[in-house]
Every structure is written in structure tokens, then in C-alpha cells.
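Architecture and fold: a report
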Amino acid sequence: MAAPESLVYERPESFTETPTHYCPGCTHGVAHRLVAEVLEEMGVTNRTIGVAPVGCAVFAYNYFDTDFVEAPHGRAPAMATGVKRVLPDRVVFTYQGDGDLASIGMGEIVHAAARGENITVIFINNANFGMTGGQMAPTTLPGMKTTSSPNGRDVESQGYPIRMSEMISTLDGVGYCVRRSLHDPKNIRLAKKAIRTAFETQVRGLGFSMVELLSTCPTNWGMTPVNSLKFVEEHMIPAYPLGDYKVSEAIKQVKI
Amino acid sequence: MAKELWKGNEAIAEAAVRAGLQAYFGYPITPQTEILEYLSRRMPELGRAFVQAESELGAINMVYGAACAGVRVMSTSSSPGVSLMMEGLSYIAGTEVPAVLVNVMRGGPGLGNIAPSQADYNQAVHGGGHGDYPRIVLAPASVQEAIDMMGLSFDLAEKYRMISMMILDGSVGQMMEPAEMPEMKPIVERNWDWATNGALNRERRILSSIYIEPAAEEVANLRLANRWKEVQANEVRYKEYFLDDAEIVVVGFGTAGRVSLSAVRAARAQGIKVGLLRPITVSPFPYEVIDQLTGQAKAFLVVEMNMGQMLSDVRLAVRGRVPVEFHGRPGGMVPFPDEILHEVQRVNGANLSVQTDPIDGWLARMAEVK
Ligand SMILES: Cc1ncc(C[n+]2csc(CCOP(=O)(O)OP(=O)(O)O)c2C)c(N)n1
Ligand code: SF4
Ligand SMILES: [Mg+2]
């Protein structure tokens, strides 16, 4: 007799039925799922308002079963500020790429963090502008080829990568700021825990929270999904060390 | 309530509070800063949201977020700051959420100066941000009018799910005048059926300005066009002075209109049949009343504190049937009643043609002034 079937993996309830538009092997989908699982586990789906960016995640609002707004490129933290200030008992998060957050939206993210806005930022660092076809981002590694650094990023003329988590963690308004990676199951589990802690920071009113996630862009990196996971491990992590950049004392006490 | 002495900018701030302003986001810039300063004290005192944003980009996107949450929200700025807000305004318009913006205009282009100006008429009325979108624009000429228009701005913005802007020049913002404040209105929870305020006991909602299918974007654009027709039919507002038998019609908004009124009175005393039309809504523009006045007028004189922006709208209404003349003081200059009187006298005595460009004559006369 066959063993009775048991369901071990299903769509989180915070997700809609809509299939995502992400390229095969892209870790945007993984990051989405982690956020959805956390919202469901915390039981906050029906009082969450998401703020979508401009970037590959522009249609994030199609996938999460929560209220959503869609911000101009880079302005999600300002929009989230507007939402949170008038609805302080709701859960408000932005989901932003590295072009969105670290290039055009540098002003908005830094000041939202400095003001200690009680919002959560999910920051997808894939070292390029995915949506527009793989141009250089502020996070592109030195020597890395993109469509706008065809000979590899030349730091002499094109500047150096920006390490956002390190920068943001210097601000007093920040309660929680960590960097994780999505390149293997162990790190994915750690990323989920960090996302949970970030949202716990928010619901406890403990300040600004951000989780930076090292992510892949197999399409624009011109790699197979497997090789791009390796690239994250071998090249991204050395440039963007994983770690807890700021965990305020109050959050250290929180047991999840 | 009794009249009190109010400074324009502070009066605007208090009037907004009394109209039920729930959230304010702004950034300092002269000659508007007193609004921000006043609200930095007043809003927290009432437990309402106030943030001094990192820039006008930040401010307008905070407005956008709060507008999506369905509350009464406003920002205020002056010309260079309003330019920075244009991206956000376009998104707000595309998302069809109500928001109020006040532009206390100053001399430009560029950093220009901090003197009173009306040079942002075209930006406010005809565009500014990208894409096709209408917006309501009110133009007060006194502190009292600015107060009265604050509540109206919120009502119109919400009624039509549209941006409602108030444009005034720095002199109205900075001047002290006796004015009457309305009663404090209680905050009304409006529970809009479109607001993204958390899907508690209802289906989730999305607010965005994206219509990735051009056919759907066209439908959205046409919806805005049809709504604008409604605004045009119902919301045109203007003030008329001495127009019953006027043969010369002066058209001016805001301070230029107010100064023109003194000139019109002086000309009347000299027996010149002149009247004044002062648009209150410069968008929707009072085309129809100008069209009707064209039947009785032998000429129009447009007076503005810019290089002739509303002039184009007046000419569109007049459609070449009678001459339209122009007098403008750009760059932060305010015309004196005397110089407008002189213009009225000139128009009254001249044999004008409908063929000439009013700007040519104006530039020639300005060259003589120098
Ligand atoms: C004001 C403005 N400038 C430029 C663009 C074009 N644009 C769209 S997405 C994007 C970059 C997105 O990159 P990133 O934030 O890293 O997101 P990813 O697609 O990599 O997830 C750019 C430049 C835009 N939409 N708006
Ligand atoms: S372009 Fe890159 S970031 Fe965008 S969906 Fe494809 S793989 Fe993911
Ligand atoms: Mg990117």
C-alpha cells in the first residue's frame, strides 16, 4: 500500500495565483517567496501595504496578496514614509533593486533610514540594472562587464561599488540592517530569518529595517542559473560580506 | 469669525489645517517657507503627520504615498521646488489619487530670484510632468481668497480624484491682510473605495500608474479626458468687474489681476469703458466667458507677471475676432497700476489689428522702458 500523500510545499497564502514574470533561475522569485512566507507566518498579510519599485520587481504587486502601491524609480522609501506616517499601525515595506535604491533613490533611502521610519526595506543587490537590459549599477563589481561597462567596470572612470548595508548601518535611525545571500538553501534559510527579524523590528516600532539580499541575474550576467549562483558565492560575497551590520539592543532581545 | 491680520503663507497653512489636512510633507524654499514652519508646529500639536522631507522629490512622493492611503494631504513649494515635483505629480495624476499642491511662485528661470512672479502658469496649467493629464489650478489674488480656496482645493481634488494646485505669487504669500478664517472642520474618515490602507475585511487593492498595454493606457487617458470635460462644465470660476458695458476687457489672474483692478477703476474715472475679468480657476480656464465677451469687446488687454503665458489661452478663446494686446512684467517685477492704466489708454486710442503678434508690440514698448 502506498503511503498517504502529504503536502510538504505549497504557495504561501500571502501569494496570489499569478505566475511571476521573472527569468528562469532569477532569485527575485526566491526573495518574493520569503517575504510572502514571513507575512503569512506573522499573520499581517491583511494589514500590509507593499511599495513596488521600478526595476524587474515593478510588477511585485501582482504576486503579493496585500495592498500595494507602485513608486516612481527610487522613490519607494519616500512613498512608504507617506503611507506609514498616516497609517502607523499597518506594516509597510518596500522592495527595491540596486539601481532603484543605490543609484537614483540614494537620497530617499538614506533619509528614510536617518529618520528612523518604521518601514522594512527588502533590497535586491544583483550588481546591475536588470530591467533595462543589464547596465552598470552602483553595485557592479570592479572589472565586471555590463552593457554600459563593456570592457569591465573601470573604477578610475566609473567609480567604486557602494556597500549600502555598511553605509545605512551608520545611521542612528536604523534598528536592523543585515546582508544575506540567496545562493544556496542554507543561506536562503538565513535570509528568511533576517526578513522575519526586519518585519519584527517594524511591528515593534524599533526603527528602520533593511535586509540586503545578494541576488542573481542570469539573463544579463550571461550565465546559467547554476553558474550565477556560483558567481554570487565566489565574487559577490567577497565584495559584499554577509553579516549583521546593525542589530539594535532591543532587537537582540526579541526571540522569534 | 472676526477678521484678523494674517500673513498669506501662514493663512494658507492654517486654512489647510481647518479644512482637515491630515498630512503635510514639504521642503524649505523662499517665498513659501512660512507654510512649512507654521505646520511644523501646528500639525504635531494636533497629532497629524508632518515631515520635513530630504528634498521636493521626497516630499511629493510622501504626498503620493499618503494620498494612496486615502487621507487629505498637501505639499507646498516655490518654483524650483515645484519643478522637482513634476515626476511625482505625473505619477499621482496617472494613479488618479487626490492631492493638493501650493506653488508660491518666484522669478525664474533657474534659481532666478525670490520676487513675486507668475512664470509657472504654463507649467501648472498646461503640463510640467510627462504624459497627458489634466489638473485643477486655482489662482488667488488676496489672503482671503487663498484661505477660501484651501478647502475648495481639497474638495475638488477628492471629487475628481485629481491634483488640485493653487498658484500664487510671492506677494500674496508674504503680504499681511485682514482675513477671516473658517471654523475648524473635524477630520472625516473618508474610507474611499480605492484607498490602499490595508486589506482588512476586503479584497486587496493596487494603486499604480502602470498600464503596460497601450490600449489600456488609452482607455485610462480617455477616462481622464472625460473627467476633465466634467470639470470644465462644472468648476470654472472667475470674477468680473465693470464688464457690463466694457469695450476693453483686461484679463489678469492673481496679483496682476488685482493691480489691474486699480487701473481699471482709474480708467473708468476718465470715462473709458473698460472692465476686468480675473480668472479664479486658470485651469479649467474660463474660455466660454471670454468667447461671450468677444461679442461686445473691441479689444482685450492681457496683463501678467510673465512673458505672456495665459495670453495664449485668451487668444484661443478670442479666436482672432478682435485684437488681443499684452502687457507683462517678467522676472520678478510687479506692474504698477499707472503703467496698466497707460496701457488701457493706449489700447483705447489705438487702431489695432488682429494680424499682429501682441508680443512684438509689447517687446517694442519694453525696449522704450529700458
Ligand atoms: C526616472 C527613471 N529613470 C530611468 C528609468 C529606467 N529604468 C527602469 S528600471 C531601471 C533600473 C532597475 O535596476 P534595479 O533597480 O537594479 O532593478 P533590477 O531590475 O536589477 O531588479 C531603470 C534605469 C525609469 N523607469 N525612470
Ligand atoms: S533580467 Fe535579471 S533580475 Fe530581471 S528577471 Fe531576469 S534574471 Fe531576474
Ligand atoms: Mg539590480
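Treat the numbers as computed from the prediction; the structure is a model and nothing was measured.

This brings us to the overall build of chain B. Helix and strand counts for chain B stand at 14 helices and 15 strands. Computed over C-alpha atoms, the radius of gyration of chain B comes to 21 Å, within 12% of the 21 Å expected from 2.2 N^0.38 for 370 residues, which places it in the range of a compact globule. Looking at chain B residue by residue over its 370 residues, the buried ones come to 52%. Considering only contacts within chain B whose residues lie at least 6 apart along the sequence, 80% involve residues at least 24 apart.

Let's shift gears to the domain arrangement of chain B. How big an interface is tends to be reported as the loss of accessible area on association of its parts. All names here are of chain B. One can read the domain layout of chain B as domain 1 (4–198 + 205–234) and domain 2 (238–369). Each of domain 1 and domain 2 has a C-alpha centre, and these two points are 28 Å apart. Domain 1 puts 26 residues into the contact, and the matching count from domain 2 is 22 residues. Looking at the side of domain 1 that touches domain 2, the elements that each hand over two or more residues are α6 (121–126), β6 (136–138), β7 (163–169), α8 (170–174) and α9 (214–234). Residue classes in the side of domain 1 that touches domain 2 are distributed as 14 nonpolar, 9 polar and 3 charged.

Once that is clear, we can look at the site of ligand 2. Residues and elements named next belong to chain A. Around ligand 2, the neighbouring residues are Tyr22, Cys23, Cys26, His28, Cys56, Asn126, Gly130, Met131, Cys217, Pro218, Thr219 and Asn220. In terms of residue count, the dominant contributor to the shell around ligand 2 is helix α8 (residues 218–221) (3 residues). Residue composition of the shell around ligand 2, grouped by class: 7 nonpolar, 5 polar and no charged.

Moving on to the site of ligand 1. Residue and element names in this part refer to chain A. Around ligand 1, a shell composed of 17 residues is seen, among which Gly55, Gly97, Gly99, Asp100 and Gly130 lie nearest. At the level of secondary structure, the elements contributing two or more residues to the shell around ligand 1 comprise α3 (98–104) and β5 (128–129). The residue makeup of the shell around ligand 1, split by class, is 7 nonpolar, 8 polar and 2 charged.

Residues and elements named next belong to chain B. The strand order across the open sheet built from 7 strands is β3-β2-β4-β5-β7-β6-β13, with neighbouring strands paired in mixed fashion. Bordering the open sheet on either side are β3 (49–52) and β13 (281–283), each of which pairs with just one other strand. Strand-to-strand twist of the sheet, defined as the mean angle between neighbouring strand axes without regard to direction, takes the value 20 degrees. Here strand β2 (residues 23–26) pairs with β3 via 4 bridges, running parallel. Residue Phe25 lies in a different strand from β3, and its bridge partner there is Val51.

Definitions and cut-offs
Residues numbered from 1 in each chain as written. Chains lettered and ligands numbered in written order. Predicted model: local features only at pLDDT ≥ 70, side-chain atom pairs only at ≥ 80, totals over all residues. Helix = DSSP H or I, 4+ residues; strand = E, 2+ residues; numbered from the N terminus. Rg over C-alpha atoms; globule rule 2.2 N^0.38 Å. Buried ≥ 20, exposed ≤ 12 C-beta atoms within 10 Å, placed from the backbone. Contact = placed C-beta atoms within 7 Å. Domains from an automatic or database assignment. Nonpolar A, V, L, I, M, F, W, Y, C, P; charged D, E, K, R; others polar. Near = placed C-beta within 6 Å. Pairing = 2+ DSSP bridges. Axes fitted to C-alpha atoms, helices over the stretch in contact; angles between N-to-C directions.

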